[in-house]
Amino acid sequence: MTSNNKCGACDCCKRLYTRSGVRYWRCKQYYCDLKNALVRNDDCCGAWRAREQRYDLSARRLDEVMDDVAFLLQK
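Residues numbered from 1 in each chain as written. Predicted model: local features only at pLDDT ≥ 70, side-chain atom pairs only at ≥ 80, totals over all residues. Heavy atoms only, no water.

The side chains of a regular strand alternate, residue by residue, between the two faces of the sheet. Across 4 bridges, strand β2 (residues 23-32) lies against strand β3 (residues 37-40) in antiparallel orientation. Looking across to β3, one finds that Y30 is bridged to V39. Connecting β2 to the next strand, β3, in antiparallel fashion are 4 residues, including N36 with a positive phi near 55 degrees. (Pairing = 2+ DSSP bridges. Helix = DSSP H or I, 4+ residues; strand = E, 2+ residues; numbered from the N terminus.)

Here it is as structure tokens:
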């Protein structure tokens, strides 16, 4: 296990935010999808896996982007 194998860098864990007034603040805790529980950043389990970058490059998404750009150019 390396120093990066912590819940804060795991693909299963998502960062939590709290709202205070009109701003959102990052919490020190994460939510683990596998454990269905709150975990700390420096926790780790045997199911750790590296984060994967996911991109939506579908034709539908690209059409939406082109429509948004056309709308902005009209202004």
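This brings us to unusual backbone geometry. Although it is not a glycine, N36 adopts a positive phi angle of roughly 55 degrees. Its place among the elements puts N36 in the loop between β2 and β3. Judged by relative accessible area, which is 54%, N36 ranks as exposed. (Buried < 20%, exposed > 50% of the residue type's maximum accessible area, 1.4 Å probe, protein only.)

So, about the environment of K28. Within the secondary structure, K28 sits in strand β2. Along the backbone, K28 and S58 are 30 residues apart, and their C-alpha atoms lie at a distance of 34 Å. Residues contacting K28, with those up to four places away along its chain left out, are R40 and N41. (Contact = heavy atoms within 4.5 Å.)

Attention now goes to empty space enclosed by the protein. Summed over all chains, the structure comprises 1 cavity of 30 Å³ or more. If you trace the largest cavity, you find it lined by C7, C10, C13, C32, C44, C45 and W48. Residues belonging to the lining of the largest cavity are distributed by class as follows: 7 nonpolar, no polar and no charged. (1 Å grid on protein atoms, 1.4 Å probe; cavity = no way out; pocket = protein on both sides within 12 Å on 5 of 7 lines; lining within 4 Å. Points joined across faces, edges and corners; volume = space filled by probe spheres on them. Nonpolar A, V, L, I, M, F, W, Y, C, P; charged D, E, K, R; others polar.)

The subject of this paragraph is the confidence of the model for the protein. Do not read the predicted coordinates in detail wherever pLDDT is low. Averaged over all residues, the pLDDT of the protein is 85; the fraction at 70 or higher stands at 96%. Least confident of the elements in the protein is β3, whose mean pLDDT is 86; most confident is helix α1 (residues 59-74), at 93. (pLDDT = per-residue confidence, 0-100.)

Taken together, the 7 bridges between strand β1 (residues 13-20) and β2 define a ladder with antiparallel strand orientation. From the neighbouring strand, R19 faces β2, where its bridge partner is Y24. Joining the antiparallel neighbours β1 and β2 is a turn of 2 residues, in which G21 adopts a positive phi near 70 degrees.

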